Amino acid sequence: MRLYPLILGVNFSFTGDGAQNGTAVGFGNYRELFDDPLFRTALSNVGLLVLLLPVAVAIPGLLATFIYLKVPGHRFYRSVYFFPAVLSPVIVGAIFNLLLAFDGPLNATLGSFGVSPVDWLGDPDLAMVIVAGVHIWATFGMSLVVFLAGFATLDAALLDAARMDGASLRQVIRHVIIPSLSRTIQFVFVTTMIGMLTSMFGLLYVMTTGGPEGSTYLPEYYIWIQQGQMNRPALASAASTILFVIMLVVGLLQVKLLDARGRRTDVPGPSGMVVGRHPHVTARAGDDLPAAVHRQRRDEDAA
Amino acid sequence: MRQRAMWSAVLVVGLALAGCGSASDSGKATSSDSKLVVWDWKSGEAFAKSYLDKAKADFKKKHPDVTVEFVAQPFDQYYTLLGAAIQAGKGPDVMLFNGGGQIRDRVDALVPITDYVAEDKQRLAGWEAFTKDGKVYAGPVTLQGYPIYYNKEVYRKAGLDPATPAATWDKFVADCAAIAKAGAKCFALGNKEGVGIQFWISSLGSTTLTPQEYDAWIAGKRDWNSANVKRLFQTWKEAGDKKMNSDGANSTAMFNDSFAYFQSGKAAHVMGLMSDVGHWKDFNEFLTPEQLGVMKAPVVTAGTTPSMPYDGGIGYAVAKWTKDPKVAADLVRSLTSADALKAFYADAGAIAADTTIDVSQGGPAVSTIVGELKSGKPALHVALSSKTIDLMGRLSQQLLSGSITVDEVVKQLAASDQAG
Amino acid sequence: MKTRRDYILDRFSVTDALRWENISTAWNSVGMGRYFVNSFVVVTVSVLLLLLLGSMAGFALSQLRFRGSSALFLGCLAGLFIPFQVIMVPLARIMADTALIDTYPGLILVYVAQFLPFTVFLMTSYYRGIPPEIIDAARIDGNTVYGVYRRIMLPLGTPALLSVGILDLLFCWNDVLMALVMMPSAENRTLMIGVTSLRGQYSDNIPTFASGVLIAAIPVLLVYLFLQRQIADGVAAGSTKG
């Protein structure tokens, strides 16, 4: 059902556009893509998103843990956390556009503390991170639901035992919850990545339209531009084939590494958050990562 | 046992698929011969109602047995969907297009309607944007142009005479300094989509380029190294450097944050539109006709005369797979009939392609605009390819943020223009 | 919930009353009633089919080892990574050729195909956490494979089924692009398309659009609020068994 159109689509990517419609052009479209600085920006933004992935998984994971452990008001949180997820990205984008506008309330608040205004969505170095952050905010509710279901397989006796031993919250999370939920974590990793790479169009369209200076292009947005605005369907097809291959490789790597990890954690021991196993992260590339990730790396080195 | 589970699963899938297959026969769309499907992105909006009613009534007179269905598509996916329909070889009979690149890139899927619309040739303006290689592919509905609007109230506050806005660029810059003292910005600028620069070069084109350079640009012979072409981008940069624009222009949407900024009186000028949004009627909700002015472009290069830049805005075209192109073309003619366009002008405020419409009731701004159309010329940016326009948008943002020079900008644009 | 005028003048001014005319404009302008029925039928059938197929496949792939099961699982995973843009044009062509375009079953089929990998993946991950001993015990008690599925796997899988059901519901309900491609004629459109077209080319009527979005979100929110209780109960039930 989905594979046959996929073959047609990939086949299409080797043909020409416009006057060359229908004729085979070999790898011409792919060469053009890699020569296009915009497409290269889109690819490096994919790298950035993959780096942000651990954060996007950790947030719903932690919140789900709190709800599971019945922090005060957990019923209330359970209800409101899902709310952003049901809103259309266009509305979410519009809301954040207002908040982050140059003359918007965020800058006004900062201004009252004497901080000079920041052009949040107008600065090419900031905009991508901001949009990704808004995406995480808008979608963590979905992962939260998955995590909550995952807790059903958690052995409550183990949890009680750990608490009786006087384990701190951090220890409980590390030694009990993460090993038990390794499959759920794996699932959330893979689906969060897919969400980031294939469903940010709405936000990008409303918040930045790929700008400023083309800094917030993602393959998905690039495909839309080529297909709809530039009338280059075959080139768009080639770009989406590349997107498919990237997701396939990164996704299967995640599954494989997390699987291996999951099996090893059958033996009690410090597992760390499984995130560090990601190829991009182990490459030690991002010193801009949040402190939590560095902590996890240290844990892994110790393991 | 395991096999049985497998088989039962397979069976269920099979049944589900079969169920879908058989059910589909009954639900098959009734594609009778006497139905025309029209795609656009306007018919869902309230202002389009009386326009469509008039057009439908006109068409009904000619073809009482043909039904017409309008399908409003969301604009952001319009050309993507149209592309899919073209690829699949199945789609609407009549469709709406933006003039310029969007229709010219897709003429392979369209029928030339030159002969069918011959009678309308005189009555309507803006054909050029829908013409390729001498053949007409769509009937124009609106005209799109880029007048400079100004707020007379802000002028008064700044101690300037609202009746005589600056005629030269230097005077204009000086006026802007006075406006800044009065606490307002000179321009409401939204360049998030990179559209600001398009309006800029088109609004100031006639007073920056010499008439020869202008005509050559439109004809496709663009000399990117000429001093005047560079000047187009230098004034853009100058306005940014002198803080004449509203703050955070690169993160402000042209549609419609910058227009809202102008309407609320925080900026004295805006380079607006004649149709769709950001035009005289749109502004009239906040600025009375007496407060809203339209000015001629200030002269940047001595010896030039300002003229209004405009082209065909939107127009309806006929798909090549339609059964009877004559009937479809008749629908296009109904959609561009005098009565229908009059309704479009009255409700949407758009400057319609029919130049015989009486606009004297609309206030001074609209009269000025329509009066200028006679001496108007095609807009500079419409002549560029989609790819070059896209690049220009990004470069203009870099000019505002100061990370590129004007020389580098024209160099990159020249390369893109020659490749395309 | 403001008028457009308020919105332009001051976007953050708190309005004293919810403006019903925004909501009724949103509802009336595009015949939302008809769209609501379309969405309701298509989404309900799609989600039920997804849950049925997803739980069966999840059970088979997690607990029953048969030849090619891991290959099947990998195939399923690969399906997860196909961006819709790659298959959009070929899919439109196939659907037009098979006369499935512009029909309920056509869109249902597309939704099921699109979200089945996700559903199967989640159910498989979940069912893998269930100790095989439970199944072996049930089989010794004389249950057929189908009996195990119905008596053990379905009840045990409730929290996951409810969760994935909510998510599938959300995906199908909020989808715009697939529905646009598959449902060209006006009377077959879904609610989200109707809402999206409220925005207009220049997104200049945010208040009406926002009202439309809020109305459209209510059913999903209600289902979630109703089901999250069940999920929590299921979590409690599941953990005592584990």
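Residues numbered from 1 in each chain as written. Chains lettered and ligands numbered in written order. Predicted model: local features only at pLDDT ≥ 70, side-chain atom pairs only at ≥ 80, totals over all residues. Heavy atoms only, no water.

1. Notes on the pairing of strand E3 (residues 94-98) of chain B
Residues and elements named next belong to chain B. Counting buried positions along E3 yields 5 of 5 residues, so the element is predominantly enclosed. Because side chains alternate across E3, one face comprises the buried residues Val-94, Leu-96 and Asn-98, and the other comprises Met-95 and Phe-97, equally buried. Where E3 meets strand E13 (residues 314-318), 5 bridges bridge the pair, whose relative direction is antiparallel. Pairing of Met-95 across the sheet is with Ala-317, part of E13. (Buried < 20%, exposed > 50% of the residue type's maximum accessible area, 1.4 Å probe, protein only. Helix = DSSP H or I, 4+ residues; strand = E, 2+ residues; numbered from the N terminus. Pairing = 2+ DSSP bridges.)

2. Examining the nonpolar core
All names here are of chain B. The biggest cluster of nonpolar side chains holds 315 residues, and the ones touching the most others in it are Tyr-51 and Phe-233. Here this core spans two domains, since at least three of its residues come from each of domain 1 (35-143 + 311-368) and domain 2 (148-307 + 384-419). Beyond its immediate sequence surroundings of up to four residues, Tyr-51 is in contact with Val-141, Tyr-316, Leu-335, Ala-340, Leu-341, Ala-343 and Phe-344. (Core = buried A, V, L, I, M, F, W, Y, C linked by side-chain atoms within 4.5 Å. Domains from an automatic or database assignment. Contact = heavy atoms within 4.5 Å.)

3. Some points on the state of the cysteines
All names here are of chain B. Going through the model one piece at a time under the given rule, you end up with 1 disulfide over all chains. Between the sulfur atoms of Cys-176 and its disulfide partner Cys-186 the distance amounts to 1.9 Å. Of the two residues, Cys-176 is situated in helix H6 (residues 169-181) and Cys-186 in strand E9 (residues 185-187); the sequence distance between them amounts to 10 residues. Each member of the pair, Cys-176 as well as Cys-186, carries the same accessibility label: buried. (Disulfide = S-S within 2.5 Å.)

4. Remarks on the interface of chain A and chain B
Across the contact, 27 residues belong to chain A and 23 residues belong to chain B. Buried area between chain A and chain B, summed over both chains or domains, comes out near 2,100 Å², and the portion from carbon and sulfur atoms is 48%. Where chain A touches chain B, the interface holds 1 salt bridge. One salt bridge connects Glu-32 of chain A with Lys-387 of chain B, and the closest N-O pair in it is separated by 4.0 Å. (Buried area = accessible area lost by both parts, 1.4 Å probe. Salt bridge = Lys/Arg side-chain N within 4 Å of Asp/Glu carboxyl O.)

5. What about the sheet that holds strand E10 (residues 267-271) of chain B?
Residue and element names in this part refer to chain B. Spatial strand order, E9-E10-E8-E11: 4 strands in an open sheet with mixed pairing. Strands at the two margins of the open sheet, each flanked by one partner only, are E9 and strand E11 (292-295). Averaged over all adjacent pairs, the angle separating strand axes in this sheet is 20°, with direction ignored. Pairing of E9 with E10 involves 2 bridges; the strand directions are parallel. Paired with Lys-185 across the two strands is Ala-267, which belongs to E10. (Axes fitted to C-alpha atoms, helices over the stretch in contact; angles between N-to-C directions.)

6. Details of the pattern of salt bridges
Residues and elements named next belong to chain B. Counted by the stated rule, this structure contains 22 salt bridges over all chains. Here Asp-58 makes a salt bridge to Lys-62, at a shortest N to O gap of 3.7 Å. Pair noted here: Asp-58 and Lys-62 are both in helix H2 (residues 49-62), with a separation of 4 residues, about one helical turn. Residue classification places Lys-62 among the partly exposed residues on the basis of a relative accessible area of 35%. A network of salt bridges, in which partner residues are shared, links Glu-119, Asp-120, Arg-123, Arg-333 and Asp-354.

7. Quick word on the interface of chain C and chain A
Every contact between the two is made by 59 residues of chain C and, on the other side, 55 residues of chain A. When chain C packs against chain A, close to 5,000 Å² is buried across both sides, 77% of that on carbon and sulfur atoms. Here chain C and chain A share 0 salt bridges between them. For the pair chain C and chain A, the number of links is 3 residue pairs in polar contact (both at pLDDT 80 or more). Looking at the side of chain C that touches chain A, the element that brings in the most residues is helix H12 (residues 206-241) of chain C, giving 18 residues. Taken together, the residues that form the side of chain C that touches chain A break down as 44 nonpolar, 11 polar and 4 charged. (Polar contact = N/O pair within 3.5 Å; in protein donor to acceptor, adjacent residues only side chain to side chain. Nonpolar A, V, L, I, M, F, W, Y, C, P; charged D, E, K, R; others polar.)

8. A few points about the packing of aromatic side chains
Summed over all chains, the structure comprises 49 aromatic pairs over all chains. When the centroid spacing of 6.0 Å and the interplanar angle of 80° are considered together, the rings of Phe-36 of chain C and Trp-173 of chain C count as edge-to-face. Linking Phe-36 of chain C in helix H3 (residues 32-63) with Trp-173 of chain C in helix H9 (residues 158-174), this pair joins segments that are 137 residues apart in sequence. Connected via pairs of aromatic rings, a cluster forms that spans Phe-34, Phe-39, Phe-201, Tyr-205, Tyr-217, Tyr-221, Tyr-222 and Trp-224 of chain A. Positioned above the aromatic ring of Tyr-214 of chain B, the side-chain terminus of Lys-377 of chain B is 4.7 Å from the ring centre. A cation sits over an aromatic face here: Arg-128 of chain C above Phe-73 of chain C, 4.8 Å from the ring centre. (Phe/Tyr/Trp six-rings, centres within 6.5 Å; stacked < 30°, edge-to-face > 60°. Lys NZ or Arg CZ within 6 Å of the ring centre and 35° of its normal.)

9. Quick word on the sheet that holds E13 of chain B
All names here are of chain B. One open sheet holds the 5 strands; their spatial order is E2-E1-E3-E13-E6, and the pairing between them is mixed. Strands at the two margins of the open sheet, each flanked by one partner only, are strand E2 (67-72) and strand E6 (138-140). On average, each strand axis in the sheet is tilted by 25° relative to the strand beside it, whichever way the strands run. Pairing between E6 and E13: 3 bridges, direction antiparallel. Paired with Pro-140 across the bridge in E13 is Gly-315. Relative to the sheet, helix H12 (residues 325-335) contacts strand E1 (35-40), E2, E3, E6 and E13, its axis offset from that of E13 by approximately 165°.

10. Side note on the side chain of Thr-142 of chain B
Residue and element names in this part refer to chain B. Here Thr-142 shows up in the loop between E6 and strand E7 (143-145). The class of Thr-142 is buried, set by a relative accessible area of 2%. Within the local environment of Thr-142, its side chain forms a polar contact with the backbone nitrogen of Ile-314, the two atoms lying 3.2 Å apart.

Note that every value here comes from positions in space, so none of it alone points to a role or purpose.
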